[in-house]
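# Fold and contact review
Residues per chain are reported as follows:
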Amino acid sequence: METMYLSGSEWIERARRLKEEGWRLGAFCGVDRLHLAGADVRFEMVAQLIRPEDRDVLTVHVAAEGEPPTIPSVTEIFPTTNFMEREAYDLYGIHFDGH
């Protein structure tokens with residue numbers, strides 16, 4: 001199991017490459033890091049991906065920077081993120097460019 005941390009500006013290209021490499025998105029959740037130690041930004045999105053061929057799991061933390069917190073939408077890459085992005089917007093006010 002691997003973990004990576006990305007800025008919002010790195011997310012869209014990395015998501016494309018992950019999809020091309022055979023990764024599938026399992027979950028995409030908003031996180032409020034207000035009371036978590038070591039928080040550089042208050043909000044982030046966390047993606048859980050799996051690659052079925054080798055049963056590898058990847059966790060990607062994407063910082064939602066700015067005011068309002070914003071990251072690029074990946075609905076064109078992973079269509080199932082449509083509702084997950086809506087939920088993060090409704091709960092935390094995270095904006096998704098291109099959604």
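Notes on the structure in this doc start here. (Residues numbered from 1 in each chain as written. Predicted model: local features only at pLDDT ≥ 70, side-chain atom pairs only at ≥ 80, totals over all residues. Heavy atoms only, no water.)

This part is about the packing of aromatic side chains. Per the counting criterion, the structure on display carries two aromatic pairs. Relative to phenylalanine 28, the ring of tryptophan 11 has its centre 5.8 Å away and its plane inclined at 20 degrees; by these criteria the two rings are stacked. With tryptophan 11 in helix H1 (residues 8-20) and phenylalanine 28 in strand E2 (residues 24-32), the pair connects residues that are 17 residues apart, well separated along the chain. This pair shows no difference in class: tryptophan 11 is buried, exactly as phenylalanine 28 is. Summarising the aromatic geometry, the rings of phenylalanine 43 and tyrosine 92 are spaced 5.9 Å apart at their centres and angled 45 degrees between planes, so their arrangement reads as tilted. A residue pair is termed long-range when its members are at least 10 positions apart, and phenylalanine 43 in strand E3 (residues 43-51) and tyrosine 92 in helix H2 (residues 81-92) qualify at 49 residues. On the basis of relative accessibility, which here comes to 12%, the residue phenylalanine 43 falls in the buried class. (Phe/Tyr/Trp six-rings, centres within 6.5 Å; stacked < 30°, edge-to-face > 60°. Helix = DSSP H or I, 4+ residues; strand = E, 2+ residues; numbered from the N terminus. Buried < 20%, exposed > 50% of the residue type's maximum accessible area, 1.4 Å probe, protein only.)

Bringing the sheet that holds E3 into the picture now. Pairing within the open sheet is mixed, and its four strands lie in the order E1-E4-E3-E2. Edge positions in the sheet fall to strand E1 (2-6) and E2, since each of these pairs with one other strand and no more. Averaged over neighbouring strand pairs, the angle between their axes works out to 20 degrees when direction is ignored. As paired elements, E1 and strand E4 (residues 56-64) share five bridges and run parallel to each other. If you follow threonine 3 over to E4, its bridge partner there is threonine 59. Its contacts with the sheet place H1 against E1, E2, E3 and E4, and it is angled at close to 155 degrees to E4. This element, H2, spans E2 and E3 of the sheet and lies at about 5 degrees to E2. (Pairing = 2+ DSSP bridges. Axes fitted to C-alpha atoms, helices over the stretch in contact; angles between N-to-C directions. Contact = heavy atoms within 4.5 Å.)

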